[in-house]
Amino acid sequence: MKPVRFGFKTLWPWLAALVAVVIMHFVLTDRLDAYFFTILMYAGINAILASSLNLVSGFTGQFSMGHAGFMSVGGYFSAYITTVVLASHADLFADPVLAPLVFGGILVASGLVSAGMGYLVGLPSLRLKGDYLAIVTLGFGEIIRVVVLNVDTIGGARGMAGIPALSSFAWVYGTLVITLFVVWRLIHSQQGRAFLAVREDEIAAEAMGVNTTSAKVRAFATGAFFAGVAGALFAHYLRYLNPATFDFNRSFEVIIMVVLGGMGSLTGSVVAAIFLTILKELLRPLQELTRLDFRMVIYSVLLIVLMLNRPNGLFGTREVSDFFRKKRKGAAS
Amino acid sequence: MIEFIQHLVNGLSLGSIYALIALGYTMVFGILQLINFAHGDVYMLGAFIGMYTSRLLHLDQNPSFGALCIALLAAMIGCAVVGFLIERIAYRPLRKSPRINLLITAVGVSLFIEFSGQLLFGADPKFFPQIFQIHQEFSYGELKINPLQMMVLLISVILMVVLQTIIYKSRWGRAMRAASFSHDLASLMGIPTDRVISFTFMLGSALAGAAGVLVGLIYPKIEPLMGVMPGLKAFVAAVLGGIGNVTGAVVGALLLGLSETFLVGYGYPTFRDALAFALLILILLFRPNGLFGSKRTDKV
């Protein structure tokens, strides 16, 4: 992977994307059919989850199965702030200037809480070589679920209702652009080189002076940060949280997005997230017809077949920008 | 004191079931360095094979030790075949791939078994038929011991002794130990590594199948997702004892079973499932090689 300099030349596509998101926001909101709009929002949230998990699994080579757990931490934390702590300040969210500032702050805070959890969970398991992270994150997801079930202030098993609707198209897709930008900058930085080195060969990376534990934990905490933000966005779009929303199947959905798109390709993660979100909706009628849950069987077979026959997924490690670059090179020669 | 002994017996029988599962984890990890996520689901299949065999042969009409043996054998053979197929179809083609691919495949296999199990058997819990009964209770004063639990303990111990003999006394066992030391060196010495790995999977899966039937005896409610939690806990037990170490797995599983039963018995039932993971994090922090494990150095 070639180094990418930080400057207008590399920055403008991202700025253009942000502008496009704002324009799309005003075009689509309240005009698109509510059902399609919901799918669009879920696709965006899933894309944030998938690209942040890709940083952990695809670029750093650590297998985490607890992304839904971090989503749950971010979701519940933000919902607790907006519905319980700020309950008497409901007018705050009506203010056109203050509301975005407050919500933005809450998003960052829930990401930070989630990242802190990621640090605590990641440190003991990532210190070691071997795949302990997979089991520990799986256990973490379970523990979070049990804790949420037993805490009554956030609804317990009833779930948490009445969360203000603060997520919008611009928030979700703006966050997606920022997530992609951060991950992309990160993997092209010195830090990111360490991540890639750990993925390729942990022992060699260590021999070259990379602090492997620290690199792994940093990648993992960053992934957890964005999972937390995605959870907060999700909570304020659906306006209802239930511990069962964030079960293991949710983590598994994100994993299959990353694997299908290609471990090490952000483009792949986004494409696969959109594809699988739509597929889920297409499978819904079949599921209601037969009253059987085929989805997980299809996903698991897909995962095994992908690993056996096309372990690189759809995109491997390629990105959209690579296709453009190749074309330009072809024109020059 | 009576209560204490009662918990002790419960804990030992629970622990022995964990031990049977943990043995499979630890053997597969020893030879492939792979966390075989599907192992807990093989245990679930064992319970279902046991149930369907008992129904088919009407074993519950005259419950006896023989009936139990038939169900056990059927489950062990069935699971050995499943274990063989899993390794052959899903894991063997990936022997040279990066470790993360193997791990993802293992998760895929596990979910495939769980959810196709839901389609096949139905998601609702099934009742495991009573194929073995002892009416007479062992009692000593106020102390009453469920004879089924003693039976479970006895059968597990027999199976573990058999396993120990296979691993340390037979040619196949020696081949397994050699292959877990180094695949390449073992094959240079003329050991058919692939076949030894298949054998390891079959052995581990057979034990998990036996555990499935035994758990059906004492907790007769079985369902397709029943393998998830015991599978994870057995893995924790294997890490506790030092993963790759056969004796360690048994000791770790018994410790885990006992501590879980005491936790539930003395008033903290909600934390039952969290205990195993808390233990896992503590071990990884303070003694990552487990109680009996030796430190492995990485060679380039």
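Here is what the cut-offs are and how they apply
Residues numbered from 1 in each chain as written. Chains lettered and ligands numbered in written order. Predicted model: local features only at pLDDT ≥ 70, side-chain atom pairs only at ≥ 80, totals over all residues. Heavy atoms only, no water. Contact = heavy atoms within 4.5 Å. Buried area = accessible area lost by both parts, 1.4 Å probe. Salt bridge = Lys/Arg side-chain N within 4 Å of Asp/Glu carboxyl O. Polar contact = N/O pair within 3.5 Å; in protein donor to acceptor, adjacent residues only side chain to side chain. Helix = DSSP H or I, 4+ residues; strand = E, 2+ residues; numbered from the N terminus. Nonpolar A, V, L, I, M, F, W, Y, C, P; charged D, E, K, R; others polar. Core = buried A, V, L, I, M, F, W, Y, C linked by side-chain atoms within 4.5 Å. Buried < 20%, exposed > 50% of the residue type's maximum accessible area, 1.4 Å probe, protein only. 1 Å grid on protein atoms, 1.4 Å probe; cavity = no way out; pocket = protein on both sides within 12 Å on 5 of 7 lines; lining within 4 Å. Points joined across faces, edges and corners; volume = space filled by probe spheres on them. Phe/Tyr/Trp six-rings, centres within 6.5 Å; stacked < 30°, edge-to-face > 60°.

Moving on, we come to the interface of chain A and chain B. Of the residues lining the interface, 40 residues belong to chain A; the matching set on chain B comes to 37 residues. Taken together, both faces of the contact between chain A and chain B bury some 3400 Å²; the carbon and sulfur share is 82%. The largest per-residue losses of area from chain A upon contact with chain B belong to A:Asp131, A:Tyr132 and A:Ile135, which jointly make up 19% of the total buried on that side. The interface formed by chain A and chain B contains zero salt bridges. The interface formed by chain A and chain B contains two residue pairs in polar contact (both at pLDDT 80 or more). Among the secondary structure elements, those contributing two or more residues to the side of chain A that touches chain B are α4 (98-126), α5 (132-150), α10 (248-261) and α12 (294-309) of chain A. Per-element accounting of the side of chain A that touches chain B gives the leading share, 10 residues, to α5(A). Taken together, the residues of the side of chain A that touches chain B sort by class into 26 nonpolar, nine polar and five charged.

Let us look at the nonpolar core. Counting residues in hydrophobic clusters, the biggest one holds 200 residues, and the most contacted among them are A:Phe63, A:Leu241, B:Phe37, B:Leu68 and B:Tyr91. With sequence-adjacent residues up to four places away left out, B:Tyr91 is seen in contact with B:Leu34, B:Asn36, B:Ala38, B:Ile86, B:Leu102, B:Thr105, B:Ala106, B:Val109 and B:Phe201.

Enumeration according to the criterion identifies two cavities of 30 Å³ or more in this entry. Its volume calculated, the largest cavity comes out at about 50 Å³. Taken together, B:Phe128, B:Pro129, B:Gln130, B:Ile131, B:Phe132, B:Leu148, B:Gly216, B:Leu217 and B:Pro220 make up the full set of residues lining the largest cavity. Residue classes in the lining of the largest cavity are distributed as seven nonpolar, two polar and no charged. Volume-wise, the second largest cavity comes out at about 40 Å³. As for the second largest cavity, its lining consists of A:Gly69, A:Ser72, A:Gly141, A:Ile144, A:Arg145, A:Val148, A:Pro243 and A:Phe246. Counting residues per element, the lining of the second largest cavity draws most heavily on α5(A), at four residues. Residue composition of the lining of the second largest cavity, by class: four nonpolar, three polar and one charged.

Okay, the packing of aromatic side chains next. One pair of aromatic rings is described through two measures. These are the centre distance and the angle between the planes. Residue and element names in this part refer to chain A. Per the stated rule, a full pass over the model turns up 24 aromatic pairs over all chains. Each ring, one from Tyr-42 and one from Tyr-237, has its centre 6.1 Å from the other, and the planes form 85°; the classification is edge-to-face. Residue Tyr-42 is found in helix α2 (residues 34-59), and its partner Tyr-237 is found in helix α9 (residues 212-238); the two are separated by 195 residues along the sequence. With 5.1 Å between their ring centres and 90° between their planes, Phe-225 and Phe-226 make a pair best called edge-to-face. Using a relative accessible area of 6% as the deciding quantity, one classes Phe-226 as buried. By the ring-pair criterion, three or more aromatic residues cluster together here, those being Phe-37, Tyr-42, Tyr-76, Phe-234, Tyr-237 and Phe-246.

Here the focus is the pattern of salt bridges. Residues and elements named next belong to chain A. In the structure shown here, the tally under the stated rule is 14 salt bridges over all chains. When the shortest N-O distance is used, the salt bridge between Glu-281 and Arg-284 registers 3.0 Å. Here Glu-281 pairs with Arg-284, and both are found in helix α11 (residues 266-290), just three residues apart, close to one helical turn. Here Glu-281 falls in the buried class, since its relative accessible area comes to 13%.

These results come straight from atomic positions and should not be treated as a statement about function.
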